[in-house]
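Read off the chains here:
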Amino acid sequence: GAVVSQHPSWVICKSGTSVKIECRSLDFQATTMFWYRQFPKQSLMLMATSNEGSKATYEQGVEKDKFLINHASLTLSTLTVTSAHPEDSSFYICSARESRARGGGDQYFGPGTRLLVL
Amino acid sequence: AQSVTQLGSHVSVSEGALVLLRCNYSSSVPPYLFWYVQYPNQGLQLLLKYTSAATLVKGINGFEAEFKKSETSFHLTKPSAHMSDAAEYFCAVSPLYSSASKIIFGSGTRLSIRP
């Protein structure tokens, strides 16, 4: 089956530093990848949609200068949290949709990255 | 616009009892509907999805869901709960025929299993 990996699985950093999270589709090509944020005991909130080779589309209320997304290849998207602060601490989950998918399905989720900013 | 509403943020059943997790959807176009499970500190695992083929969808781990258009519902059921079913469950919706679509998640239901 389709597998999506994320790296790192967890990260602790100091306030003011930047953190990069990688999302990879291991055995399929993904034209579109999605980044979600999940607070404790809450649902997943879509942050942005990234398409290979183009700029990401951010959801309302998400700061694009704060959360930099790069989708440089069909198997890799990165999320960089710039100048992280404690309120950015969260569980970040990516998903990838196969390039051949015609509908809204066929999205595969990564295992998530837990970020703790001190 | 699309949305899903999960009734009950927490459901508790006894081991061996019926599991019923409720989900109602709102969609102006034919929808994809999904149920995902999330174990603590892990990502999401797809349980099952409705793609307009059969209205009764069977998924993994003995779960199934029935699409009822007249009730705009997609409730998740399992005849006999197992301790390993304890997790967070999310219902989700996406437009059926749009390749540029995104998945919208419900607020989630935490399932607890009593011994």
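Look a little higher up for the structure.
This is a predicted model, so every value here is computed, not measured.

1. Details of unusual backbone geometry
Residues and elements named next belong to chain A.
So, step 1. In this chain, His7 is followed by Pro8 through a cis amide linkage whose omega measures 0°.
So, step 2. Tracing the backbone through its elements, the reader meets Pro8 in the loop between β1 (4-7) and β2 (10-13).
So, step 3. At Lys41, a residue that is not glycine, the phi angle is positive and equals roughly 60°.
So, step 4. Relative to the helices and strands, Lys41 is located in the loop between β4 (30-38) and β5 (44-51).
So, step 5. With relative accessibility at 81%, the residue Lys41 sits in the exposed group.

2. Let's talk about a nonpolar patch on the surface
Residue and element names in this part refer to chain A.
So, step 1. Taken together, the side chains of Trp10, Ile12, Leu116 and Leu118 make up a nonpolar region of the molecular surface, amounting to roughly 460 Å² of accessible area.
So, step 2. Along the chain, the position of Trp10 falls in strand β2.
So, step 3. When its relative accessible area of 58% is taken as the criterion, Trp10 is described as exposed.

3. Looking at the packing of aromatic side chains
So, step 1. Following the criterion strictly, the structure yields 14 aromatic pairs over all chains and no others.
So, step 2. Between the aromatic rings of Tyr50 of chain B and Phe74 of chain B, the centroid separation amounts to 6.3 Å while the plane-to-plane angle is 55°, which identifies the pairing as tilted. Residue Tyr50 of chain B is found in strand β5 (residues 44-50), and its partner Phe74 of chain B is found in strand β8 (residues 73-78); the two are separated by 24 residues along the sequence.
So, step 3. On the basis of relative accessibility, which here comes to 0%, the residue Phe74 of chain B falls in the buried class.
So, step 4. Grouped by ring-pair contacts, the aromatic residues Tyr36 and Phe109 of chain A together with Tyr32, Phe34, Tyr36, Phe90 and Phe105 of chain B constitute a single cluster.

4. Things to note about the sheet that holds strand β1 (residues 2-7) of chain B
Residue and element names in this part refer to chain B.
So, step 1. Taken in spatial order, the five strands make up an open sheet running β1-β3-β8-β7-β6, and their pairing is antiparallel. Every other strand in the sheet has two partners, leaving β1 and β6 (56-58) as the edge strands with one partner each. Adjacent strand axes in the sheet meet at a mean angle of 20° when their direction is disregarded.
So, step 2. Here β1 runs beside strand β3 (residues 19-27); their pairing, made up of six bridges, is antiparallel. By the bridge assignment, Leu7 is partnered in β3 with Arg22.

5. Points about the side chain of Ser50 of chain A
Residue and element names in this part refer to chain A.
So, step 1. Inspection of the secondary structure assignment puts Ser50 in strand β5.
So, step 2. For Ser50, a relative accessible area of 1% gives the class buried.
So, step 3. The contact partners of Ser50, leaving out residues within four places of it in the chain, are Thr31, Thr32, Met33, Ala56, Ile69, His71 and Ser77.

6. Side note on the pairing of strand β9 (residues 90-98) of chain A
Residues and elements named next belong to chain A.
So, step 1. The element β9 is extensively covered by neighbouring structure, given that nine of its nine residues are classed as buried.
So, step 2. Judged by which residues are buried, β9 turns out to be covered on both faces: Ser90, Tyr92, Cys94, Ala96 and Glu98 on one side and Phe91, Ile93, Ser95 and Arg97 on the other are all buried.
So, step 3. The pairing of β4 with β9 spans eight bridges and is antiparallel. Across the sheet, residue Arg37 finds its bridge partner in β9, namely Tyr92.
So, step 4. By the bridge criterion, three bridges tie β9 to strand β11 (residues 113-117) in an arrangement that is antiparallel. Residue pairing for β11: Tyr92 is matched across the bridge by Thr113.
So, step 5. Bridging between β9 and strand β10 (residues 107-109) involves three bridges; their strand directions are antiparallel.

7. With respect to the pattern of salt bridges
All names here are of chain A.
So, step 1. Within this structure, the stated rule accounts for four salt bridges over all chains.
So, step 2. Across the pair Arg24 and Glu22 runs a salt bridge whose closest N-O atoms are separated by 3.4 Å.
So, step 3. Looking at Arg24, the relative accessible area reads 34%, which means it is partly exposed.
So, step 4. The partly exposed category is assigned to Glu22, whose relative accessible area is 23%.
So, step 5. A salt bridge links Lys66 to Asp88, with the shortest nitrogen-to-oxygen separation between them at 2.7 Å. Taken together, the residues span a long stretch of sequence, with Lys66 in the loop between β6 (57-58) and β7 (67-73) and Asp88 in the loop between β8 (76-81) and β9 at a distance of 22 residues.
So, step 6. The buried category is assigned to Asp88, whose relative accessible area is 5%.

Thresholds, definitions, all that
Residues numbered from 1 in each chain as written. Chains lettered and ligands numbered in written order. Predicted model: local features only at pLDDT ≥ 70, side-chain atom pairs only at ≥ 80, totals over all residues. Heavy atoms only, no water. Helix = DSSP H or I, 4+ residues; strand = E, 2+ residues; numbered from the N terminus. Buried < 20%, exposed > 50% of the residue type's maximum accessible area, 1.4 Å probe, protein only. Patch = residues over 30% accessible without salt bridge, like charges linked within 9 Å, V, L, I, M, F, W, Y side chains within 5 Å. Areas by Shrake-Rupley, 256 points an atom, 1.4 Å probe, with all protein chains shown as cover. Salt bridge = Lys/Arg side-chain N within 4 Å of Asp/Glu carboxyl O. Phe/Tyr/Trp six-rings, centres within 6.5 Å; stacked < 30°, edge-to-face > 60°. Pairing = 2+ DSSP bridges. Axes fitted to C-alpha atoms, helices over the stretch in contact; angles between N-to-C directions. Contact = heavy atoms within 4.5 Å.

By themselves, these observations are geometric and do not establish any function.
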